[in-house]
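# Topology and contacts: notes
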Amino acid sequence: MSLILKTVLVTIGCLVAADAVGALACTVFDILDLRSNSPALFYAIWLVLGVFCGLLAYGFAGSWSSPKARTGDWSSMPGASRIGTGVIITSLFVIAGLAWLFYTIYWSRGVAGDDYVPDSEPHSLVFFASVLGGMAVGRFMLMSDSGKTP
């Protein structure tokens, strides 16, 4: 399979898993009905889940798409930055496509849930932006650059 197909599968799988965890967390906090519950709590849930989802999707897609290394992580291999950039660009198109789909189905028609992704447009946009932010952290901050000397 190609980098694009593997990245699409991993990204959608991680988004679905993070959405399930986020929906469960929002439901639990909604049921607990804590007096300190504020709308910012639900944004924080989706923000944190998005960052972790982005980091995990980036790592899984890069690992699955890279040639298997004898030693070390995929991110330290030659060509890892090319693979990482391909993962981010492909995921950007996947997330843009999902945002367009949810806009068409939910957001433009006034059908909105309270705090859940994809029903709530603002929560979904925070989630999607944080997924891409997590991937960018993985690509530009956590990858070792083999071209640099210590």
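Provided above is the structure to which this section pertains.
I will try to describe carefully the structure that is included in this document. Worth saying up front: this structure is predicted, and the values here are computed from it rather than measured.

Quick notes on the rules
Position numbers for residues count from 1 along each chain, tracking the sequence in the order it is written. Where local features are concerned, this predicted model is filtered to residues with pLDDT of at least 70; where side-chain atom pairs are given and counted, the filter is 80 or more; whole-chain, interface and lining totals use all residues. Values reported for side chains reflect all heavy atoms of the structure, with hydrogen atoms and water molecules removed beforehand. Helix and strand definitions here come from DSSP, where helices need a minimum of 4 consecutive H or I residues and strands a minimum of 2 consecutive E residues; each element is numbered from the N-terminal end. Note on classification: 1.4 Å probe, protein chains only; a residue is buried when its accessible area is under 20% of the maximum for its type, exposed when over 50%, partly exposed between these limits. Stacked, tilted and edge-to-face are the three classes assigned to paired rings of Phe, Tyr and Trp, where Trp is represented by its six-membered ring and a pair needs centres within 6.5 Å; plane angles under 30 degrees give stacked, over 60 edge-to-face, the rest tilted. Within this scheme, the nonpolar core is defined by two criteria: the residues are buried Ala, Val, Leu, Ile, Met, Phe, Trp, Tyr or Cys, and they are joined through side-chain atoms within 4.5 Å. Only heavy atoms matter for contacts: two residues are in contact if any of them lie within 4.5 Å across the pair.

## Topic: the environment of Ala44
Here Ala44 lies in helix α2 (residues 39-65). A relative accessible area of 37% means that Ala44 is categorised as partly exposed. Sequence separation between Ala44 and Phe127 is 83 residues; the distance between their C-alpha atoms is 9.4 Å.

## Brief notes about the packing of aromatic side chains
Across all of its chains, the model carries six aromatic pairs by this definition. Residues Trp46 and Phe127 carry aromatic rings whose centres are separated by 5.5 Å and whose planes lie at 75° to one another, so their mutual orientation is edge-to-face. Placement of the pair is Trp46 in helix α2 and Phe127 in helix α4 (residues 121-140), with a sequence separation of 81 residues. Each member of the pair Trp46 and Phe127 is classed as buried. Seen in terms of ring centroids, Phe102 and Tyr106 are 6.2 Å apart; in terms of plane orientation they differ by 35°. Their pairing is tilted.

## Quick word on the nonpolar core
Counting residues in each nonpolar core, the largest one holds 28 residues, and the members touching the most others are Tyr58, Phe127 and Phe128. Put simply, the parts of the chain that give this core at least two residues each are α1 (3-32), α2, α3 (80-105) and α4. The greatest single-element share of this core, amounting to eight residues, is contributed by α2. Dropping the residues within four chain positions of it, Phe127 is found in contact with Leu15, Ala18, Trp46, Leu49, Gly50 and Val117.

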